[in-house]
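# Notes for the structure review
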Amino acid sequence: MKKKPAIRFFCYCNNIPKPSSALNSISQTQISIVFLLSLLLQPISSSSSSSISSPPPLPILPIPSASQIQWQLGNMALFLHFGPNTFTDSEWGTGHVDPSAFNPTNLDAAQWVRVAKDAGFSRLILTAKHHDGFCLWPSEYTNYSVRSSPWRDGEGDVVGELAKAAKEAGLGLGLYLSPWDRHEPCYGNTQEYNEFYVGQMTELLTRYGEIKEVWLDGAKGKDEKDMEYFFDSWFSLIHQLQPGAVIFSDAGPDCRWIGDEAGVAKPTCWSLFNCSAVKIGGTDSRYSGEGDPFGHDWVPAECDVSIRPGWFWHPSEVPKSARTLLDIYYKSAGRNCLLLLNVPPNSSGSISAEDIQVLQEFTKIRDSIFSHNLAENALLDASSTRGNGEDDRFIPSNVLKEGIYTYWAPAQNHQPTWSLYLNLQEFISFNVLHIQEPIHMGQRIAEFHFDILNEEGVWRTVVRGSTVGYRRILKFPTVESQFLRLVIEKSRADPLVSYLGIHVDNFSHLSSRCDKTLGAGINGSDILRQITLNNSQISAV
């Protein structure tokens with residue numbers, strides 16, 4: 001028996017008369033009964049128990065490496081800017097500050113790790129050497145390091161202490177080794193300095209166990225000495241010494257800069273990219289921010305931002321609020337990126353109490369919003385399902401399972417649109433949509449919208465989006481409904497959805513009415529544009 005598409009049920013809803021009260025019980029009961037019947041009209045298989053299963057969809061290139069998937073699953077990382085600048089109230093050191101300035105009285109790398117783990121960060125990235133050239137490990141290639149400082153009587157090793165604490169806590173370790181070195185005398189001699197840099201990189205990648213991320217950038221002061229960095233040689237060495245590490249730079253090769261230091265990605269954000277089209281230090285912020293739907297490389301974006309105005313700790317500065325961090329989270333991790341939040345240790349060598357308090361509040365807010373999927377008990381159907389719904393690997397209900405390795409897949413018929421339908425079995429209020437793709441199969445979705453069925457039995461769009469990728473989180477004014485629909489309008493191949501969640505955010509300030517002007521949201525940093533289309537309120541986020 002051929003299955004009748006459930007989509008027909010929703011077409012019938014357009015003809016339901018408007019209920020006389022806000023929630024007419026008879027009309028809503030009729031809708032629920034028809035919906036349940038549509039779910040029960042599954043095809044009766046005439047095949048025997050030895051029928052052949054449908055193969056999974058073919059991945060669409062490019063696809064991520066194993067280390068890139070692990071990086072993306074981490075969601076957030078903690079940046080630690082620490083060095084002489086911490087003690088001299090500076091951001092970019094001159095490279096000529098006496099090493100004796102570095103003398104934390106109570107350095108506690110284990111505390112840094114506890115703070116990161118308690119706040120849900122998967123790894124820590126330390127500025128092993130910033131632009132001033134001062135090394136937080138006893139390098140054999142320079143005396144400008146902790147070896148020449150009074151801290152631990154010259155026997156200390158910040159990198160070593162952090163590596164040990166991170167390993168014990170089960171968190172990953174990343175290191176930033178600045179190419180720009182304002183202290184090293186050979187800086188400016190291309191051959192000699194590249195050899196010097198490779199020597200220091202080798203020390204870091206062979207002394208401290210597994211390194212999960214190596215962070216590079218093209219920062220360089222104006223009128224600085226002319227230098228050519230041998231990035232390709234560096235990248236090859238890093239992958240040789242630490243094959244599981246991802247390398248960050250403006251051009252990848254494994255993850256890329258988003259193009260700003262505000263932690264904000266573009267609303268459209270592809271992991272697809274062309275590394276050859278980008279020069280490190282010469283970033284095109286739009287290209288870096290949006291990625292490239294026709295890109296040949298898989299290079300997801302990382303959003304770096306500091307919890308304070310500066311990157312290093314300064315006694316006069318205060319941290320951002322938890323609500324501001326939530327706003328940044330939506331615009332980074334919620335836009336197919338990894339959030340790299342800088343939380344700088346203070347001059348005593350610990351993370352300040354006020355920063356910890358903000359992180360604790362940020363964690364509680366995130367947990368209150370995302371720890372529970374309000375759609376977890378929903379009944380699901382789809383416009384079509386791969387294998388005619390007989391293969392559990394592709395059925396619509398997979399989208400309620402956490403993780404990217406289970407998913408809904410539509411039939412292989414190249415439809416103009418694809419739809420997922422949800423019956424929540426009761427009226428629920430919500431204002432957040434959370435979608436994920438199985439990125440190991442490639443990034444596919446290019447345009448979608450999310451609808452609710454209103455009291456008149458008419459679909460009303462509440463939010464539109466473009467790319468999804470590993471994670472897309474969209475906010476919109478609070479709505480209430482029992483019946484929901486995700487419509488995918490454009491996709492690079494048959495779309496695959498691994499997760500769909502709806503949530504309530506009681507912390508972000510979103511207007512519930514249509515405004516003709518731009519409205520400020522959380523701490524003035526969240527701009528939500530309200531537009532009217534087909535008599536429906538749509539949030540363009």
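On a predicted model such as this, the values are computed, not experimentally measured, just so you know. (Residues numbered from 1 in each chain as written. Predicted model: local features only at pLDDT ≥ 70, side-chain atom pairs only at ≥ 80, totals over all residues. Heavy atoms only, no water.)

### Some words on the overall build of the protein chain
Operational definition: Only DSSP runs of H or I reaching four residues or more are called helices, and only runs of E reaching two or more are called strands; each is numbered from the N terminus. Partly exposed residues are those whose accessible area sits between 20% and 50% of the maximum for their type, while under 20% is buried and over 50% is exposed, using a 1.4 Å probe and protein chains only. Any two residues whose heavy atoms approach within 4.5 Å at even a single point are treated as in contact. Computed with the Shrake-Rupley method and a 1.4 Å probe, the accessible areas treat only the protein chains shown as cover for residues.
A count of helices and strands for the protein chain gives eleven helices and 19 strands. The buried share of the protein chain, reckoned over its 541 residues, is 58%. At a minimum sequence separation of 6, the contacts of the protein chain that also span at least 24 residues come to 76%. When the accessible area of the protein chain is evaluated, it comes to approximately 22300 Å², of which 51% is carbon and sulfur surface.

### Re the nonpolar core
Generally speaking, nonpolar side chains in soluble globular proteins are found buried as a group. Using the following cut-off: Buried residues of nine kinds, namely Ala, Val, Leu, Ile, Met, Phe, Trp, Tyr and Cys, make up a nonpolar core once their side-chain atoms join them within 4.5 Å.
Grouped together as the largest cluster of nonpolar side chains are 82 residues, with contacts concentrated most on Trp-112, Leu-124 and Leu-126. Sorting elements by how many residues they give to this core places helix H11 (residues 353-370) first, with seven residues. Among residues more than four places away in sequence, those in contact with Leu-126 are Leu-80, Phe-82, Trp-112, Leu-136, Val-158, Val-159, Leu-162, Gly-174, Leu-175 and Tyr-176. Within the second largest apolar cluster, 31 residues are counted, among which are Ile-445, Leu-484, Leu-486 and Leu-500.

### With respect to the packing of helix H10 (residues 322-331) against H11
Heads up, the rule is: Axes, fitted as lines to C-alpha atoms, cover a helix only where it is in contact. Angles between the N-to-C directions of the axes lie from 0 to 180 degrees. Orientation is classified from the angle alone, with under 35 degrees giving roughly parallel, over 145 giving roughly antiparallel, 65 to 115 giving roughly perpendicular, and any other angle giving oblique. What makes a crossing left-handed is the near helix being turned counterclockwise from the far one by less than a right angle; a clockwise turn instead makes it right-handed. Gly falls in the polar group here, along with every residue not listed as nonpolar (Ala, Val, Leu, Ile, Met, Phe, Trp, Tyr, Cys, Pro) or charged (Asp, Glu, Lys, Arg).
Between H10 and H11, the least distance of the axes is 8 Å, while the angle of their chain directions is 55°. Considered as vectors, H10 and H11 are oriented oblique to each other. In the crossing of H10 with H11, the sense of the turn from one axis to the other is right-handed. Between H10 and H11, the contacting residues are Ala-322, Leu-325, Leu-326, Tyr-329 and Tyr-330 on the first element and Val-358, Leu-359, Glu-361, Phe-362, Ile-365, Arg-366, Ile-369 and Phe-370 on the second. Taken together, the residues that form the contact of H10 with H11 break down as eleven nonpolar, no polar and two charged.

### A few points about the sheet that holds strand S9 (residues 301-306)
Rule in force here: For two strands to pair, DSSP has to find at least two bridges joining them.
The strand order around the closed barrel built from eight strands is S1-S2-S3-S4-S5-S6-S9-S10, with neighbouring strands paired in parallel fashion. Neighbour-to-neighbour, the strand axes of the sheet open up by a mean angle of 25°, direction not taken into account. With three bridges joining them, strand S4 (residues 213-215) and strand S5 (residues 246-249) adopt parallel strand pairing. Bridging from a neighbouring strand, Trp-215 pairs with Phe-248 of S5. Contacts between helix H5 (residues 109-118) and the sheet are confined to strand S1 (76-80) and strand S2 (123-129), with S2 contributing the most and set at about 145° to the helix.

### Overview of the pattern of salt bridges
Stated formally: Here a salt bridge means any side-chain nitrogen of Lys or Arg lying within 4 Å of a carboxyl oxygen belonging to Asp or Glu.
Applying the stated criterion to the full structure yields 17 salt bridges. Across the pair Lys-164 and Glu-168 runs a salt bridge, and its minimum N-O distance is 2.8 Å. Of this pair, Lys-164 and Glu-168 are both found in helix H6 (residues 158-169), four residues apart, which corresponds to roughly one turn of the helix. Both residues of the pair, Lys-164 and Glu-168, count as exposed. Here Glu-489 ties to Arg-464 by a salt bridge, and the two come within 3.2 Å at their closest N and O atoms.

### Details of the packing of aromatic side chains
Here is the rule we go by: The pairing test for Phe, Tyr and Trp rings, Trp by its six-membered ring, is centres within 6.5 Å, and the orientation test on the planes gives stacked under 30 degrees, edge-to-face over 60, and tilted for anything in between.
Following the criterion strictly, the structure yields 29 aromatic pairs and no others. Residues Trp-215 and Phe-248 carry aromatic rings whose centres are separated by 4.1 Å and whose planes lie at 5° to one another, so their mutual orientation is stacked. Of this pair, Trp-215 sits in strand S4 while Phe-248 sits in strand S5; the two residues are 33 residues apart in sequence, bridging distant segments of the chain. Here the aromatic cluster, defined as three or more aromatic residues joined through ring pairs, consists of Tyr-187, Tyr-193, Phe-196, Tyr-197, Tyr-229, Phe-231, Trp-234 and Phe-235.

### Notes on unusual backbone geometry
Between Leu-61 and the following residue, Pro-62, the backbone shows a cis peptide bond with an omega angle of -5°. If you trace the backbone, Pro-62 turns up in the loop between helix H2 (25-40) and helix H3 (66-74). Residue Pro-253 follows Gly-252 across a cis peptide bond; omega there is 20°. Mapping Pro-253 onto the fold places it in the loop between S5 and strand S6 (255-257). One non-glycine residue, Asp-153, lies in the positive phi region at around 55°. If you trace the backbone, Asp-153 turns up in the loop between S2 and H6. Notably, Gln-425 is not glycine yet its phi reads approximately 70°, a positive angle. Its location among the elements puts Gln-425 in strand S12 (residues 418-436). Residue class for Gln-425 comes out partly exposed when judged on its relative accessible area of 46%.

### With respect to the packing of H5 against H6
One way to put it is that H5 packs onto H6 with a least axis distance of 8 Å and a crossing angle of 40°. Regarding the angle of H5 to H6, the classification is oblique. Taken as a pair, H5 and H6 cross one another with a handedness that is right-handed. Where H5 approaches H6, its residues Ala-109, Ala-110, Trp-112, Val-113 and Lys-117 are matched on the opposing element by Val-158, Glu-161, Leu-162, Ala-165, Ala-166 and Ala-169. Of the residues assigned to the contact of H5 with H6, the class counts are nine nonpolar, no polar and two charged.

### Re H10
Counted residue by residue, H10 has nine buried out of ten residues, so it is predominantly covered. Among all positions in H10, only Ala-322, Thr-324, Leu-325, Leu-326, Asp-327, Ile-328, Tyr-329, Tyr-330 and Lys-331 are buried.

### Observations regarding the environment of Val-159
Topologically, Val-159 is positioned in helix H6. The buried category is assigned to Val-159, whose relative accessible area is 1%. Residues Val-159 and Pro-138, 21 residues apart in the sequence, show an inter-C-alpha distance of 9.3 Å. In contact with Val-159, other than residues within four places in its own chain, are Leu-126, Ala-128, Leu-136, Trp-137, Leu-175, Leu-204 and Tyr-208.

### Focus: H11
How we decide: What a helix is expected to span follows from its residue count: subtract one and scale by 1.5 Å.
Counted at 1.5 Å a residue, the expected span for H11 with its 18 residues is 26 Å, and the 26 Å between its end C-alpha atoms agrees. Every buried residue of H11 is listed here: Asp-355, Ile-356, Val-358, Leu-359, Phe-362, Thr-363, Ile-365, Arg-366, Ile-369 and Phe-370.

### A look at the pairing of strand S13 (residues 445-453)
Burial analysis of S13 places seven of its nine residues in the buried class, the great majority of the element. Taken together, the seven bridges between S13 and strand S15 (residues 472-491) define a ladder with antiparallel strand orientation. Bridge pairing in S15 links Phe-450 to Leu-486. For S13 and strand S14 (residues 459-465), the ladder comprises six bridges, and the chain directions are antiparallel. From the neighbouring strand, His-449 faces S14, where its bridge partner is Arg-464. Hairpin geometry of S13 and S14 is characterised by an intervening segment of five residues between the two adjacent antiparallel strands and by a positive phi of about 75° at Gly-457.

Read these as layout, nothing more, since geometry by itself doesn't imply function.
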